[in-house]
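Here are the chains, one letter per residue:
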Amino acid sequence: MAAEAILSSHPVVSRWMYAGFPAFPGRIACATRMGWDMIWHTMANRRSARSALRLYLAPMAAIVAVAAVLSLPCILTGLFRGHDTPTHVMYLHHFSSQFWKGELYPRWLAEANKGYGCPIFLLQYPLPYFVMSLLQPILHLPADVFRESRELGIYCFLVLAGSGITAWIWLRRRYGPMVSTIAAIVYMSLPYVLGQDLYTRSAIGELTAFLWMPLILSQCDRMLSKRTEAVCIAGVAYGLLVMSNALSAILMIPVVILYVAKLGRRLLVPAVIALALGCCLAAVYLIPLAAYEHLFRLDLLHTYTVYFELGRSFPRISLEDLRGSRGAIPELIATACLIALAGFYVLRSVRRLWVRLALLGILCLGAAVLVPGVGASLILSSHLKVSGLEMPERQLPMKVLLTVLLTAVLGVVSYCRIAEKPDDSGHERLFLAVLCGSLFLMLPWSAFVWKIVPQLSVIQFPWRLCGILTLATTVLFAAAISGGLEGGSSVRRAPSRMAIVLLAVTVVGVGNFVWRIDSRFRRGATATAYSDQELDMMFPAYVAPGSLDRFAESVGTKSGRFGSSYTRVDEAIQASVVEGRGRAVVRAIGPRRLQVSVACEDSCRVRVGQLYFPLWEITPAVSPLGSSAEGLLEVSLASGQHEFDLVFSRGWPENVGAVVTIVAVMATAGAMVFARREARENPRSERVTVLRA
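So, how was this worked out
Residues numbered from 1 in each chain as written. Predicted model: local features only at pLDDT ≥ 70, side-chain atom pairs only at ≥ 80, totals over all residues. Heavy atoms only, no water. Salt bridge = Lys/Arg side-chain N within 4 Å of Asp/Glu carboxyl O. Helix = DSSP H or I, 4+ residues; strand = E, 2+ residues; numbered from the N terminus. Buried < 20%, exposed > 50% of the residue type's maximum accessible area, 1.4 Å probe, protein only. Core = buried A, V, L, I, M, F, W, Y, C linked by side-chain atoms within 4.5 Å. Contact = heavy atoms within 4.5 Å. Axes fitted to C-alpha atoms, helices over the stretch in contact; angles between N-to-C directions. Parallel < 35°, antiparallel > 145°, perpendicular 65-115°, else oblique. Left-handed = near helix turned anticlockwise from the far one by under 90°. Expected span 1.5 Å × (residues − 1). Pairing = 2+ DSSP bridges. 1 Å grid on protein atoms, 1.4 Å probe; cavity = no way out; pocket = protein on both sides within 12 Å on 5 of 7 lines; lining within 4 Å. Points joined across faces, edges and corners; volume = space filled by probe spheres on them. Nonpolar A, V, L, I, M, F, W, Y, C, P; charged D, E, K, R; others polar.

A look at the pattern of salt bridges
Line of reasoning, step 1. A complete count under the given rule lists 23 salt bridges for this structure.
Line of reasoning, step 2. Put simply, Arg 550 and Glu 630 hold a salt bridge, and the shortest N to O gap is 2.6 Å. Of this pair, Arg 550 sits in helix H28 (residues 548–554) while Glu 630 sits in the loop between strand S6 (625–627) and strand S7 (632–637), and the two are 80 residues apart along the sequence.
Line of reasoning, step 3. Its salt-bridge partner being Arg 581, residue Glu 601 comes within 3.7 Å of it at the nearest N-O pair. Here Arg 581 lies in the loop between strand S1 (575–579) and strand S2 (582–590) and Glu 601 lies in the loop between strand S3 (593–600) and strand S4 (604–611), a separation of 20 residues in the sequence. Each member of the pair, Glu 601 together with Arg 581, is exposed.
Line of reasoning, step 4. Linked through salt bridges whose partners overlap, the residues forming this network are Arg 550, Glu 579, Arg 605, Arg 607, Glu 630 and Glu 634.

Okay, here's the thing in structure tokens:
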């Protein structure tokens, strides 16, 4: 009976022993059989665990390891000193400071611009700064002038690794775990991501966008089987994309619509719902952005920084570029050779006449721009408003051009391997069309299009489309190395998998060498957050137009300069009587509220050391607020004692945006709970779309 007691103690065994076997010998026989079943299932579970480790954990670990190597300088020394590094360091310094002082969403950075403040977070994407503010206590880095730079370096590593993982999640549904792992590594390593966004521009917003774009498309695939859950996740991902970089989110809309239309027109409505849900989730950022954008004069940015002129941002090559660097001519020759190789494979492998002509045409347009001076002539002939074609950083347009063409070459050659596959569903042709369209709109040949359709200038720089180009190239590369054709003469005419992999290595190597990222690994240059040197490069957009030059002079800068010279910075906000006789005292009781006390012996004018912006209000309304010649807050008062507050108003857009976001979060959570419960009650296997065997 002891054996029976031991066996019956197991809940599964006991159900077998006492169901249909009343006699003990029968129960023992059943228990023996059940024992073998348990051993078999245990072995099967171990095999399943090993399979899960091989299919999921190992690829993700490889992706994270490669991301760590690629971003090693960022991890060790912090964010490299790129174009936007001082700006991001300054934003994070003030954003996190006000966040941990109790302001959940800082909009007015009271101590930025050398203590004069700035309203930039009515426009600036907030997600990277929220993430790093929340991670600050966890990282617990020393509170010195290098802290924000080191935090941003760690953030870039996390984003780069996350981008590879989301790309793997998306691609594995079509191309398998091994191929998707290789493609995800290429996605992280392509020159626009690594060389331009991370190590040259330090564009953390665009870098973060690479994390969300594949995740959105992966959920579009899942809408075929788990519609409600996929719509919710896609909406969350799109909302995070909006709060990471609104311009990248705009570029992603047509890609999503075309993608789901190719999957099936019945998915268009769920996709639109997901995009709308994402906008609602990001309403706390979007509604104030839409409501207050007219208060920023973005058209004046180019008056202080020619970098923002649309005509200057087209990629091109000049003779000065070739003379200014030893490596320019070899890089140019290498790019031209790769374009010729792509043209050879197009002629050899692509049978559809219209596809062949389109690819040859776009390659010829790209090759023509490699001729020095051609790009400049095209820009000038389009009659775009441009004061000149020089850039603050020499050779930047040339580097962008080589990056764009090298990335496109990899995508075109990859397509040549799968151009004639028999089970073509049009998925790869869609991304080939996206590649060609993005490439054309970035080349100077499209300058007349930007002139005719001025609404396109909302994305600021044509080369932002290289993010979409990178995404399309990654898909085509994954499709090419996953198998391609399994027989027929076209396989012999198409490039081999090994050739495509070697081409990817060449593009990654040459493209990143163009940006000289090897120097980032040899020597670090950690950015600092010295308040004496801080200046927001966007200040021409929100300083009163008549005060722009005087303000620039007061903070130590001038037209055409990115940085500023050393000027004295007051430890606290100051108030002074600039006309008449009296005494003024100001006390900050919060980043958005100042308490002012003024004793005027006669009529006087009081100046407060914060930038004027239309959202500042005076309570009670003792006198209208105005702007001084230097762009600071100024108020005229009669004689006597005056007590009033200066408040940076939240306004209805901030309140409505917060309410919409909260409601959207609650609705998304409820829909996810409902979808999970429905899945448990009606279990069904999730269909995975596979384009090839």
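Once you've had a look at it, read on.
Observations regarding the nonpolar core
Line of reasoning, step 1. In this structure, Tyr 542, Phe 613 and Leu 646 are the most contacted members of the largest nonpolar core, which totals 203 residues.
Line of reasoning, step 2. No other element matches the 16 residues that helix H21 (residues 396–418) contributes to this core.
Line of reasoning, step 3. Not counting chain neighbours up to four residues away, the residues in contact with Tyr 542 comprise Asn 113, Cys 118, Pro 119, Ile 120, Phe 296, Arg 297, Asp 536, Leu 611, Tyr 612 and Phe 613.

Focus on the packing of helix H11 (residues 204–222) against helix H13 (residues 246–263)
Line of reasoning, step 1. Running from N to C, H11 and H13 point in directions that differ by 20°, and their axes come no closer than 10 Å. Considering the angle they form, H11 stands roughly parallel to H13. Handedness of the H11/H13 crossing: right-handed. Listed contacts from H13 to Glu 206, Ala 209, Met 213, Ile 216, Leu 217, Cys 220 and Asp 221 of H11 are Ser 248, Met 252, Val 256, Tyr 259, Val 260 and Leu 263.

A word on H11
Residues lying three or four places apart along an α-helix face the same way, a consequence of the helix completing one turn every 3.6 residues.
Line of reasoning, step 1. With 19 residues, H11 ought to run about 27 Å at 1.5 Å a step, and its terminal C-alpha atoms sit 29 Å apart, in line with that.
Line of reasoning, step 2. Within H11, 19 of the 19 residues are buried, which leaves it mostly tucked inside the rest of the structure.

What about the sheet that holds strand S8 (residues 640–648)?
Line of reasoning, step 1. As summarised here, the arrangement of the 4 strands in space is S2-S3-S8-S5, forming an open sheet in which the pairing is antiparallel. A single partner strand is all that each edge strand has here, and the edge strands are S2 and strand S5 (616–619). Here the strands of the sheet are splayed against their neighbours by 20° on average, with no regard to which way each runs.
Line of reasoning, step 2. Pairing analysis gives 4 bridges linking S5 to S8, with the strands arranged antiparallel. What sits directly across from Thr 619, in S8, is Asp 645.

Brief notes about the pairing of S3
Line of reasoning, step 1. Judged by which residues are buried, S3 turns out to be one-sided: Leu 594, Val 596, Val 598 and Cys 600 face inward and are buried, whereas Arg 593, Gln 595, Ser 597 and Ala 599, on the alternate face, are not.
Line of reasoning, step 2. Relative to S3, S2 runs antiparallel, the two sharing 8 bridges. For Gly 590, the partnering residue across the bridge sits in S3 and is Arg 593.
Line of reasoning, step 3. Where S2 folds back onto S3 in an antiparallel hairpin, the turn is made up of 2 residues.

Thoughts on empty space enclosed by the protein
Line of reasoning, step 1. If you walk through the whole model with that rule in mind, you get 3 cavities of 30 Å³ or more.
Line of reasoning, step 2. Tyr 192, Glu 206, Ala 209, Phe 210, Met 213, Ser 248, Leu 251, Arg 464, Gly 467 and Ile 468 together form the lining of the largest cavity.
Line of reasoning, step 3. Elements represented by at least two residues in the lining of the largest cavity include exactly H11, H13 and helix H24 (466–481).
Line of reasoning, step 4. Residue contributions to the lining of the largest cavity peak at 4 residues, all from H11.
Line of reasoning, step 5. The class makeup of the residues in the lining of the largest cavity is 6 nonpolar, 2 polar and 2 charged.

Quick notes on the layout of surface pockets
Line of reasoning, step 1. Here the largest pocket defines a volume of roughly 1500 Å³.
Line of reasoning, step 2. The wall of the largest pocket is formed by 48 residues, among which Leu 247, Leu 298, Ser 457, Val 458 and Gln 460 lie closest to the centre.
Line of reasoning, step 3. Elements that contribute at least two residues to the lining of the largest pocket include exactly helix H5 (85–99), helix H12 (227–244), H13, helix H15 (283–292), helix H16 (301–304) and helix H23 (447–452).
Line of reasoning, step 4. The greatest single-element share of the lining of the largest pocket, amounting to 5 residues, is contributed by H13.

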